[in-house]
Amino acid sequence: MPAGPPDGQRVLELERQARRNGTGIAPEQLIGPWQLRHLWSREQAAPQAPQAALLRLFGASLTISPGEPLQLCNSVRLGPLELHFRGWGRLVGRRPLLQFGFEQLELQLGGRPLLLRPLPPADPRRQPFFALIATGADGQGRWLLARGRGGGLACWRCPSADAGQQLAAER
């Protein structure tokens, strides 16, 4: 596994390896506040820098908390206005897939709820997921590569004070 998040062709090679051999990624490796860093479209090595920059501007994040099932919160913000999708997640298969579903939509202004709505469950045949590709750590924290059901590939970063210790343990 590379020390930092991979780029370009290396991302696609890691994905091929994950399809063949699985990743062994465990639920505890997913716990944390993940911030979107990079995006790639389906089967392309060139990053989608403008789209990733826009999502970073809106503070796109995915927080995964421990539990059975895992607890997920996908959110974006614009100044004091925040939109949260809250739900569950579980690892399935040897790759594995992180299957998830959002059960609640929450709109907040300055941390105060403006709107709280339940969301209908997704059709089981169209259940959203992230196909987990690789994870690692470097001096800036942990990173995670995953491809979504729609085909886009994302690199998420979880800043961590003990990233150096994690990197040393992985070597």
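Analysis parameters
- Residues numbered from 1 in each chain as written.
- Predicted model: local features only at pLDDT ≥ 70, side-chain atom pairs only at ≥ 80, totals over all residues.
- Heavy atoms only, no water.
- Helix = DSSP H or I, 4+ residues; strand = E, 2+ residues; numbered from the N terminus.
- Contact = heavy atoms within 4.5 Å.
- Areas by Shrake-Rupley, 256 points an atom, 1.4 Å probe, with all protein chains shown as cover.
- 1 Å grid on protein atoms, 1.4 Å probe; cavity = no way out; pocket = protein on both sides within 12 Å on 5 of 7 lines; lining within 4 Å.
- Points joined across faces, edges and corners; volume = space filled by probe spheres on them.
- Nonpolar A, V, L, I, M, F, W, Y, C, P; charged D, E, K, R; others polar.
- Salt bridge = Lys/Arg side-chain N within 4 Å of Asp/Glu carboxyl O.
- Buried < 20%, exposed > 50% of the residue type's maximum accessible area, 1.4 Å probe, protein only.
- Expected span 1.5 Å × (residues − 1).
- Arc of directions from axis to C-beta.

(A) Inspection of the overall build of the protein at higher detail. A count of helices and strands for the protein gives three helices and nine strands. Start at the N end of the protein and walk to the C end: the helices and strands fall as α-β-α-β-β-β-β-β-β-β-β-α. A sequence separation of at least 24 residues applies to 52% of the contacts in the protein between residues at least 6 apart. Total accessible area on the protein stands at roughly 9,400 Å², and carbon and sulfur atoms take up 56% of it.

(B) Highlighting the layout of surface pockets. Approximately 220 Å³ is the volume attributed to the largest pocket. Forming the boundary of the largest pocket are 16 residues, of which Leu 39, Phe 130, Gly 148, Ala 154 and Trp 156 lie nearest the centre. Looking at the lining of the largest pocket, its residues break down into eleven nonpolar, four polar and one charged.

(C) View of the pattern of salt bridges. Applying the stated criterion to the full structure yields eight salt bridges. Here Glu 13 and Arg 16 are joined by a salt bridge, their closest N and O atoms 3.3 Å apart. Of this pair, Glu 13 and Arg 16 both sit in helix α1 (residues 8-21), three residues apart, roughly one helical turn. According to the relative accessible area criterion, Arg 16 is partly exposed, its value standing at 37%.

(D) Representation of α1 in the model. Relative to the 20 Å expected for 14 residues at 1.5 Å per residue, α1 spans 20 Å between its end C-alpha atoms, a close match to the ideal helical length. Residues of α1 that are buried: Gly 8, Val 11, Leu 12, Leu 14, Glu 15 and Ala 18. Burial along α1 is one-sided: seen end-on, the buried residues are contained in an arc of 155°. Facing away from the buried surface of α1 by more than 90 degrees, the exposed residues are Gln 9, Arg 20 and Asn 21. Buried residues along α1 sit against β1 (32-40), β7 (129-138), β8 (141-148) and β9 (153-158).

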